[in-house]
Amino acid sequence: MSMAQPGMSMERADIAFKINGAAVSVCVPPVRRLSSVLRDELHLTGTKVGCDAGDCGACTVLVDGEPVCACLMSVASAAGTVVTTVEGLANGRLSALQASFLDHGAAQCGICTPGLLVAATALLDSKPNPTEAETQDALGGVLCRCTGYRKIIAAVMDASRHADGVDRRMPQSGHAVGSSPIRLDGLPKVTGGEKFGGDSFPADALAVLVVRSPHYHARFAFGDLDAWIKAHPGAVGVYTAADIPGKNSFGVIAPFADQPALAEGFSRFRGEAVALVAGEREAMLDLDLSDFPVRWTELPHVLQPCEAQAGGAQLIHENRPANLLTTGFVERGDPEAALAGAAFTVSGAIDTSYVEHAYIEPEAGYAYMDGETLVVVACTQAPYMDRDDVAKVIGLAVDKVRIVPTATGGGFGSKLDVSLQPLIGLVAMKTGRPAALAYTRNESMISTTKRHPAEMKATIGADADGRIIGMVFAGDFNTGAYASWGPTVANRVPVHASGPYATPNYRAEGRAIHTNGPISGAFRGFGVPQATIMQETLYDELAEKLGLDRLDFRLKNCLRNGSETVTGQRLESGVGIAECLEALRPHWMRALVDAELFNAGSSTKKRGVGVASCWYGCGNTSLPNPSTIKVGISASGDVVLHQGAVDIGQGSNTVIAQICADALGLPLGKFRLKSADTAITPDAGKTSASRQTFVTGKAAEKAGRALRETMLRFANVSEKAVIALDGASLVIREGEATRHIDLSALKADADGFVFRAEESYDPPTLPLDAKGQGKPYAVYGYGAQIAELEVDLRLGTAKLIKITAAHDIGKAINPLLAEGQIEGGIAQGIGMALMEEYIPGRTENLHDYLIPTIGDVPPIETILIEVPDPEGPFGAKGLGEHVLIPTAPAILNAIRHATGVLVTKIPATPSRIRAAIREKEARR
């Protein structure tokens, strides 16, 4: 349901056209967007709306065979045409292109997939075997934030091979772990059947609009709200903080919870919600909020941590002196003495910017009352956290709030925080009617969380043999107006700022500081990508001072089995960073030779090669982090997996089922998923911190083994027995004996299970002491990447040539999905390094805020390293965040290798690269 389209209340007209082969006629205002008509009138929700401005391409449809953005086309312009949406691509069976998308893993979250499929269909109609350049050109108008585009390109170029249908690759026997079946949730992603947050609004739902602050800091007061409502036919009510029945405060970390659902009396950041307007859908489509009765008094504001910490600065929260939210600290040995005695030291400072998550699906959902229970159906990464916060704000017991996650069109951390959930919940509870809200792209960008901008300084020292002996690091992280995940960033950064290297003398401090800027929250890495830029660029400088090859220098110092980390944690086994670096060596040597040969023949363009490493602790830092999985056998012979780990594109629906399948000893094809729903699915924890494969996967492994044991005990056979399902019959073979158990004759429980198991897993960690010593994580993942690029010295542009990525994932549960994660993370790392800079008031749409397009991501070579960790399921480690961390520093090191200059304000835009080159030339 489209929530806001100015100027749509005009006369209606009958407009006829063909849609997916069928003649249709709609009676709507002629200037209404075609995208809205397709979705709201014809219920073809496969056409997605990501921006309503033609910037993202998610709404691409074919009109008379040509791809167009349906959000830019009036329905009147479609009169008499033939329109094809994603729902029309399959004629009773998947098209070859749809099959190829499944086979290549080209759909992750799936929100951009319909637009890509439609655009690619037009290409393949004219060029059945397109080149890579032709594919990139045809799909250049459709943005994807998850995949990194490489598998999309491969799927399109390979589509002709799939003309006979999809190779489903669903193992019916043998091991699921280590195979790459198509995603268990893949089919609806390519047919348009997947229901995201805005795809299933009830027909009678009230539409909700949000009144937001236009100022960074302001007092406000409302005028006559009742009179305003009466003056606007179709408006049902206005709701403010005074209407909130519970505690008007939420936050992902309870002791720091500080954000009101609706601001009271004054706003702390631009875009903060202050009031809600609810009304009939058609009335809301045309409602102009410019006359809403609110008076603003602008107040002084601070946007930079240095301003917020200056003497006399106004406190953003009265209980947080000097606007300091919290500090994280790790110290080991005597870093000052070590640096004083070092043969070589390097020091530097790096600043990074706000980065927008830019998922293609803006926040959307609806709420309704089911008796005394409030049900919220919305996109999210953390249903149980949503439930608890909504219950607190609305003033209900937690068992009277139910969160039903929809498919989530990208998250990357920002959809961990509640956004619209308490707002639509409030309207539904006050009115007794369903309430629906879909954020506009601008609304999403101004009101939701960002990656923390960081101001960092560090010094690293080595002895004459090239061994690191000491490091100090300090980072100020702009956490914005409210806490969100600021404490997590402040605490995680000092643990990781050394990189995956032995650092015997170390001190690191991370500070989260309040400003009136956008709220900074979780974004793929929780501050570690920023800190790694600081550390890895200094490593390059130190290697140069030592006269060592940059890769060799990292190998000399990397952690190994038996090493102790900067928190004093002894890593007994499973440390795979050396294997990652060694795997890169032949690529490193080849790339250096290629760059040298190119540079010898070019004066205006220079090639550079950069390398960087990462490590990342999987799960919460020194905190409980449990997941619970329930699995059972139904009377009809299905394996039903209650899988509460929200799949935001990373593949947890498939990976966790693969783990459970092998632990249970039954084929993956027998599994039926019941996805996250707080009423029926145990809490698998939030989808963040690269924890789901490790933590929820371990719970699934335990549950699978427990269910197997229950069945074997029932049959009175040993653990060596082999089990199978044949319809409603359980077949158990041991030795020469075979036994058949009629499942339909057994008594089923309330879940419909005749056999069941429910198991939890919480990683073994220990608290950090006052000096940050302890065991913050049970499992770490490792990785290293090489970036090859070309810099135009006159323009300052950096053109990526290739990225080679080696990641130790313990055990590749699903190699294809792992590759997709790596490619997608690298694409986000490219954006962070070269183009992405969210500037409040200036880059609040997908036209002015640049994310990588299909032409910006070079070929990526993935090397999966498997150094098993004894704690992980089948030895697996997390991967989702690790893959972004080395990309930006590898790119910055490559730019330095090409030009001799390090850009110290990120992103390294052409103007900043050129300025650094000019400054270097001026020093000569």
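The structure this text deals with has already been given above.
Residues numbered from 1 in each chain as written. Predicted model: local features only at pLDDT ≥ 70, side-chain atom pairs only at ≥ 80, totals over all residues. Heavy atoms only, no water.

1. Considering the side chain of Ser729
Worth spelling out the cut-off: Put simply, DSSP H or I for four residues or longer makes a helix, DSSP E for two residues or longer makes a strand, and each gets a number counted from the N terminus. In what follows, residue pairs with any heavy atoms lying within 4.5 Å of each other are defined as contacts.
With respect to the helices, strands and loops of the structure, Ser729 is situated in strand β28 (residues 729-734). With sequence-adjacent residues up to four places away left out, Ser729 is seen in contact with Ala724, His740, Ile741 and Leu743.

2. Here's the deal with the nonpolar core
In plain terms, the rule: Here, nonpolar core refers to any group of buried Ala, Val, Leu, Ile, Met, Phe, Trp, Tyr and Cys residues whose side-chain atoms link them within 4.5 Å. Exposure classes here rest on a 1.4 Å probe applied to the protein chains alone. A residue is buried below 20% of its type maximum, exposed above 50%, and partly exposed in between.
By size, the foremost hydrophobic cluster in this structure holds 154 residues, and its most contacted members are Phe101, Phe473 and Ile891. Per-element accounting of this core gives the leading share, nine residues, to helix α15 (residues 528-546). Sequence-distant contacts of Phe101, that is, excluding residues within four places in its chain, are made with Ala106, Ala107, Thr113, Leu116, Leu117, Ile152, Ala155, Val156 and Val190. Counting residues in each nonpolar core, the second largest holds 40 residues, with Ala661, Leu668, Val695 and Ile723 among its members.

3. Notes on helix α11 (residues 383-394)
An α-helix turns once per 3.6 residues; consequently, residues spaced three or four apart project the same way. As a reminder of what qualifies: A helix is expected to span 1.5 Å multiplied by its residue count minus one.
Between its terminal C-alpha atoms α11 stretches 16 Å, which fits the 16 Å expected from twelve residues at 1.5 Å a residue. Here the buried face of α11 lies against β16 (373-378), β17 (401-405) and α12 (421-431). A positive backbone phi angle near 80 degrees is found at Gly395, which sits one or two residues after α11.

4. Digging into the pattern of salt bridges
Rules: Every case where a carboxyl oxygen of Asp or Glu lies within 4 Å of a side-chain nitrogen of Lys or Arg is listed as a salt bridge.
Going through the model one piece at a time under the given rule, you end up with 55 salt bridges. The salt bridge partner of Lys189 is Glu194, with a shortest N-O separation of 3.2 Å. Among the residues examined, Lys189 registers a relative accessible area of 4% and is labelled buried. A relative accessible area of 15% means that Glu194 is categorised as buried. The partner of Asp677 in a salt bridge is Arg402, and the shortest N-O contact between them spans 2.5 Å. Of this pair, Asp677 sits in the loop between β26 (671-675) and α19 (692-715) while Arg402 is found in strand β17, placing the two residues 275 residues apart along the sequence. Taking relative accessible area as the criterion, Asp677 reaches 7% and is therefore assigned buried. Look at the salt bridges and you will find they share partners, linking Arg12, Arg32, Asp40, Glu41, Arg281 and Glu282 into a network.

5. Digging into the pairing of strand β15 (residues 364-370)
Every regular strand shows the same layout, with side chains that alternate between the two sheet faces. For clarity, the cut-off: Any two strands between which DSSP finds at least two bridges are classified as paired.
Pairing geometry for β15 and strand β18 (residues 435-438), over four bridges, is antiparallel. Bridged to Ala364 within β18 is Ala438. Where β15 and β16 come together, six bridges link them in antiparallel fashion. Within the sheet, the bridge partner assigned to Gly365 lies in β16 and is Ala378. The hairpin formed by β15 and β16 contains two residues between the paired strands, and Gly371 there has a positive phi angle of roughly 65 degrees.

6. Topic: the packing of aromatic side chains
Note the cut-off: Planes of paired rings set the category: under 30 degrees apart is stacked, over 60 is edge-to-face and the rest tilted, where pairs are Phe, Tyr or Trp rings (Trp by its six-membered ring) whose centres lie within 6.5 Å. By definition, being over a ring means that NZ of Lys or CZ of Arg is both within 6 Å of the ring centre and within 35 degrees of the ring normal.
Tallied over the entire structure, the rule returns 15 aromatic pairs. A ring pair is formed by Phe694 and Tyr761, whose centres lie 5.8 Å apart and whose planes are at 70 degrees; its orientation type is edge-to-face. Here the residue Phe694 occupies a position in helix α19, and Tyr761 occupies one in strand β30 (residues 753-761), the gap between them amounting to 67 residues. For the residue pair Phe694 and Tyr761, the accessibility class agrees, reading buried in each case. An aromatic cluster of at least three residues, connected via ring pairs, comprises Phe220, Phe222, Trp228, Phe292 and Trp296. Here the basic side chain of Lys415 rests over the ring of Tyr359, its NZ or CZ set 4.1 Å away from the ring centre. We note Arg607 situated over the ring of Phe598; from NZ or CZ to the ring centre the distance is 4.5 Å.

7. Describing the sheet that holds strand β11 (residues 294-298)
Ordered in space as β9-β7-β11, the three strands form an open sheet in which the pairing is antiparallel. Bordering the open sheet on either side are β9 (266-267) and β11, each of which pairs with just one other strand. Where strand β7 (residues 218-222) meets β11, five bridges bridge the pair, whose relative direction is antiparallel. Each residue of the ladder has a partner; that of Phe222, found in β11, is Val294.

8. Here we look at the packing of helix α4 (residues 132-139) against helix α5 (residues 150-157)
Convention followed: The axes used here are C-alpha line fits, helices contributing only the stretch in contact, and every angle between their N-to-C directions lies in the interval 0 to 180 degrees. We call two directions roughly parallel when the angle between them is under 35 degrees, roughly antiparallel when it is over 145, roughly perpendicular when it lies between 65 and 115, and oblique otherwise. In this scheme the handedness of a crossing depends on how the near helix is turned from the far one: anticlockwise by less than a right angle means left-handed, clockwise means right-handed.
α5 packs onto α4 with a crossing angle of 115 degrees between their chain directions and a minimal axis gap of 10 Å. In terms of orientation, α4 lies roughly perpendicular with respect to α5. α4 and α5 meet at a crossing whose hand is right-handed. Every residue of α5 that contacts α4 at Glu132, Thr135, Gln136 and Leu139 is listed here: Arg150, Ile152, Ile153, Val156 and Met157.

Note that every value here comes from positions in space, so none of it alone points to a role or purpose.
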